[in-house]
Amino acid sequence: MKALAGISMRLLALTLCALIAMTFFLGKHCSPKTRRGLDRLRSATPWTPVYAAPNSVKLVDIIPASLSGESNQDSEPFLAIQTANPQVMVASAFTPNPVSSSGNAPVYVSQDGGNSWVLNAITPVPRMTCDITHAMPTAENHPRGDLHAGTLACAASITLDESESNDVSSSSVMNVQSTRTNVDQPFVRALGFSSADHIYVGLNDFNQPNGRTATVDVSLDGGATYKSFPIEARVTSGQDGPSVRPAVAADNTVYAAFFGWRKFDGKTATSDIVVVRDDAGAAGPNSFQALRDPSDKLPGRIVVKRTPIPWSNSPTLGQERIGSTLSIAVDPNQSSTVYVGWADRGSKGNIYTLHVRRSTDRGLTWSKTDLPHTTISNATNIALAVANNGVAGLLYQQLAAGRWVTHILQSRDGFATVQDLILASVPANTPVEQFLPYLGDYDYLLSVGNEFRGVFSASNSPDLANFPQGVTYQRSANFSTKTLTDGSGNPVAISIDPLYFSVPVVP
Amino acid sequence: MKISSSYLAGILGNALLASLIAAHPQGQSTQASLAKQSSIVFSGTVSQLGAASFAGVPQSTNTVVVHVDSVLKKPPAISLKKGDNVTVELKDPAGFEQGTQATFYTDGWIFGSGVAVKELGHDFNVGGRAPASEAAPSQMEGQISDQDLQNRLNSADFVVIGRVREVRRWNVPKSTTPPRVSEHDPDWHEAVVEVQSVLKGGQVKGNKVVVRFPGRNDVAWVHSPKFEKNQQGIFCLNREQASGISSEKVGGRQVYVYTCLGHGDSLPMSDAPRVRALLKN
């Protein structure tokens, strides 16, 4: 009996040892995609999560395996989802053509819901864009979705191309439909129509008279023709801020938000946060004039008046520049509900503070103060989206304790209660910036079905502790030694990569 | 002296490529030209016809899967090695069958879990003859390729060897377009370059030129050279087109102003033999 007990104890001890060894082995050698306990799913902020943690968060470094040797600063990512088949997506970043300085700048294409991505050099810009955004609406006559892009090519002058591709998996270069110079930061949104997609490109157009530069380019014929609508009605400091952001609801309501610069001294823009609206897809003669401010009866509702926005085109927030982060999102099924978010100067020690406000009456009135949980210090790259069930999503990147921390918040009640997930927390001092923007002047968030999907850029150091929700790398990485290799075993320097994510919308 | 492994590998790659070209006397100039145009050159064996080696590549009758036997040229960022399978979009699939061995001169096409390329040309490896061993990248990280440099030299108004004597900020005169505040603001600077020799272009009066360049480290200008005082090098220059002000006075003399904006516009002196050779083409 004693002998039997001894054997049992030995067996138990052996089993325990095996389990411990297996746990250790799996921790070291299993796929980089690793799940952590629920305690790691939430941020360390004092906010109280009220929803159950999601079943599945997907986070993928989208640099393909065959580009494992690259060490570019792939910052300022963007994302388009094919609405009819959300397995198909296009992402972009400041990624150069990998083989030639005269070859076309590439985009990333996924046809399996973001699990894998390929690089396809189809934009009309040589080598690398210096701004790119896009949308991919679908309709009956183009069920595969037309990709509509706004790109800047930077050479002796800066040139905007508004272009389209009707098959992002082909190698055909996108067809340029409109081009002009002297504009900044095109931001594309679109609504699919059988006859022809409606495309809205927010941009800062220096060709507009009187320094009223905030503009929306509108095409109601799939990009065949564009018409520019200046949306600034007030006197400016000589121009508006770079960011002009449209948002489109399914009922043809189009909002746009911009920074109305009233004064600029080189370091601070004293700016109104302005929202305009059009109720007919900007098809009428007086587009974007549906909202007027009670103070001066001019088109464009002033959400916040004359707020100081720091402008710094050098590393200021960590290694990132600041000055023009802005986002607007409309409830896709309830166009009277719209959110706007921006950053301005915070208090001492707080360089850049995010704010979110909401209107539930089509932009006529706005919350007087920031929504709860949305005054966020030392943060940038705000991106808002609203899911089909009305849940609002807020993506941002915050500099905290020497790290860039990427959060996504969700709320079904105007951020009174939130679920806060940290997607990445990476050292802010490595890698050293190659150029500005370090992470991007924007990142992006979209809703599709019961998911929030988005992209952000971050250090690609293969350290699972940096990615509390787990992560998948396509490129060659060793998570045990925390090193990147070129696929042949040679070390590759840590750099900034674009990361795609999908997070289930809270019910 | 520290010599990196990629540098040595580059030399080895170039040597192998050169020996391969030399082995085809009748087509030497064609192959040399193809090798220069190509971003990826490798030798391999066709394993599948009308197929693709990874998801995301549109397969057609012109695509074949090639098992890589040796890599002769590739950019450092590309992960490609002996034993990999590459999708090649052929110009004409006639003459190719399973087991065909050839050297492929190609340009990059799609990059995913594998590499897909477009054929620029090929040499059948008769009797299985192929380069003896695998070479690593023939292009160093950050180095402009011969083809890109050739294009740049062709489009330059002037190519000079010179030394930077002065660097200063250039403020756009108020009479021109009002300055615009943008993240892409170039923050123009000027370098006064003393010209030591002209490799392309005519005489330079007074042996000095003003070169305007963006001082900003914005993404728009990341590939533009940033000049420093006493820097010596080879500079590819174009008549100023960015600001609309194409001349100014230097030492009491009105001189043309040039810009230096692109990747490869400023090269170290060590590139002089390469530049001279390319300019002869």
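Residues numbered from 1 in each chain as written. Chains lettered and ligands numbered in written order. Predicted model: local features only at pLDDT ≥ 70, side-chain atom pairs only at ≥ 80, totals over all residues.

(A) Examining the overall build of chain A more closely. When you go through chain A residue by residue, the secondary structure sums to one helix and 33 strands. Considering only contacts within chain A whose residues lie at least 6 apart along the sequence, 61% involve residues at least 24 apart. (Helix = DSSP H or I, 4+ residues; strand = E, 2+ residues; numbered from the N terminus. Contact = placed C-beta atoms within 7 Å.)

(B) View of the pairing of strand S8 (residues 158-165) of chain A. Residue and element names in this part refer to chain A. Summarising burial for S8: seven of the eight residues are buried, a large majority. Bridging between strand S7 (residues 147-154) and S8 involves eight bridges; their strand directions are antiparallel. For Gly150, the partnering residue across the bridge sits in S8 and is Glu162. Where S7 folds back on S8, the antiparallel hairpin that results is connected by three residues. As defined by bridge partners, S8 adjoins strand S9 (residues 175-181) across six bridges and the pair is classed as antiparallel. Bridge pairing in S9 links Asp161 to Thr179. (Buried ≥ 20, exposed ≤ 12 C-beta atoms within 10 Å, placed from the backbone. Pairing = 2+ DSSP bridges.)

(C) The arrangement of the confidence of the model for chain B in detail. All names here are of chain B. Chain-level statistics for chain B give a pLDDT mean of 85 and a share of 81% at 70 or above. Across residues 132-137 the pLDDT falls below 50, and counting only partners more than four positions away or on other chains, this stretch makes 22 contacts in the model. The ipTM value of the predicted complex is 0.87, and its pTM value is 0.89. (pLDDT = per-residue confidence, 0-100.)

(D) Main features of the interface of chain B and chain A. Across the boundary between the two partners, chain B contributes 42 residues, which contact 44 residues of chain A. Of all the elements in the fold, those that place two or more residues in the side of chain B that touches chain A are strand S4 (101-111) and helix H3 (146-155) of chain B. For the side of chain B that touches chain A, the element with the most residues is S4(B), which contributes five residues. Residue classes in the side of chain B that touches chain A are distributed as 19 nonpolar, 15 polar and eight charged. (Nonpolar A, V, L, I, M, F, W, Y, C, P; charged D, E, K, R; others polar.)

(E) Quick look at the nonpolar core. Counting 181 residues, the largest nonpolar core has Ala91(A) and Leu384(A) as its most contacted members. Counting contributing residues, this core receives three or more from each of domain 1 (5-142) and domain 2 (150-280) of chain B. Those residues in contact with Leu384(A) that sit more than four places away from it in its chain are Ser327(A), Ile328(A), Ala329(A), Tyr339(A), Gly341(A), Val356(A), Ala392(A), Gly393(A), Leu394(A) and Leu445(A). One finds Ala156(B), Val192(B), Phe235(B) and Cys236(B) within the second-largest nonpolar core, a separate group that totals 26 residues. (Core = buried A, V, L, I, M, F, W, Y, C linked by C-beta atoms within 7 Å. Domains from an automatic or database assignment.)

(F) Broad picture of the sheet that holds strand S14 (residues 244-248) of chain A. All names here are of chain A. On the basis of which strands lie adjacent, the open sheet formed by four strands has the order S14-S15-S16-S17 and antiparallel pairing. Unpaired on one side and paired on the other, S14 and strand S17 (301-310) mark the two borders of the sheet. Put simply, the sheet's adjacent strands are angled 25° from each other on average, direction ignored. Sheet topology places strand S16 (residues 268-278) next to S17; seven bridges connect them, and they run antiparallel. Bridge assignment links Ala269 to a residue of S17, and that residue is Ile309. (Axes fitted to C-alpha atoms, helices over the stretch in contact; angles between N-to-C directions.)

(G) Structural view of the environment of Asp84(B). All names here are of chain B. Tracing the backbone through its elements, the reader meets Asp84 in the loop between strand S2 (63-73) and strand S3 (85-89). Residue Asp84 is classed as partly exposed on the basis of its C-beta count, with 18 C-beta atoms lying within 10 Å. Setting aside its immediate chain neighbours within four residues, Asp84 contacts Val68 and Gly114.

(H) Layout of the sheet that holds strand S22 (residues 353-359) of chain A. Residues and elements named next belong to chain A. With antiparallel pairing, the three strands of this open sheet are ordered in space as S20-S21-S22. With partners counted over all chains shown, the strands left at the sheet margins are strand S20 (326-330) and S22, one partner each. Taken over all neighbouring pairs, the strand axes of this sheet differ in orientation by 15° on average, direction set aside. Of the pairings in the sheet, the one linking S20 to strand S21 (residues 338-344) comprises five bridges and is antiparallel in character. What sits directly across from Ala329, in S21, is Tyr339.

(I) Looking closely at the environment of Gly50(B). Residues and elements named next belong to chain B. With respect to the element layout, Gly50 can be found in the loop between strand S1 (40-49) and S2. Each C-alpha atom of the pair Gly50 and Thr87 lies 9.7 Å from the other, and the pair is 37 residues apart in sequence. In contact with Gly50, other than residues within four places in its own chain, are Gln59, Thr61 and Thr63.

(J) Geometry of the environment of Pro86(A). Residues and elements named next belong to chain A. By secondary structure assignment, the location of Pro86 is in the loop between strand S2 (78-81) and strand S3 (89-92). Judged by local crowding, Pro86 falls into the partly exposed class, with 19 C-beta atoms found within 10 Å. Once the C-alpha coordinates of Pro86 and Val118 are considered, the two residues, 32 residues apart in sequence, prove to be 16 Å apart. Contacts of Pro86, omitting those with residues within four sequence positions, involve Ile81, Gly113, Val448 and Gly449.

(K) H3(B), seen in detail. All names here are of chain B. Listed in full, the buried residues belonging to H3 are Asp148, Leu149 and Arg152. Seen end-on, H3 carries its buried residues on one side only, within an arc spanning 100°. Buried residues along H3 sit in contact with strand S9 (232-239) and helix H4 (272-280). (Arc of directions from axis to C-beta.)

(L) Summary view of unusual backbone geometry. All names here are of chain A. Here the bond from Thr430 into Pro431 is cis, since omega is -5°, no more than 30 degrees from zero. Among the secondary structure elements, Pro431 is positioned in the loop between strand S26 (419-427) and strand S27 (444-448). Following Leu436, the chain continues to Pro437 via a peptide bond in cis, the omega torsion being 5°. You can see Pro437 is positioned in the loop between S26 and S27. Located in the positive-phi region is Phe415, a residue other than glycine, with phi close to 70°. Among the structural elements, Phe415 can be located in the loop between strand S25 (403-411) and S26. One non-glycine residue, Lys482, lies in positive phi territory at about 60°. Turning to its location among the elements, Lys482 is positioned in the loop between strand S30 (477-478) and strand S31 (483-485).

(M) Geometry of the packing of H3(B) against H4(B). Residue and element names in this part refer to chain B. It is the contact of H3 with H4, at a shortest axis distance of 10 Å, that shows an interaxial angle of 65°. One way to sum up the angle between H3 and H4 is to call them roughly perpendicular. Handedness of the H3/H4 crossing: right-handed. Across the interface between the two elements, Asp146, Leu149, Gln150 and Leu153 from H3 touch Val275, Leu278 and Leu279 from H4. (Parallel < 35°, antiparallel > 145°, perpendicular 65-115°, else oblique. Left-handed = near helix turned anticlockwise from the far one by under 90°.)

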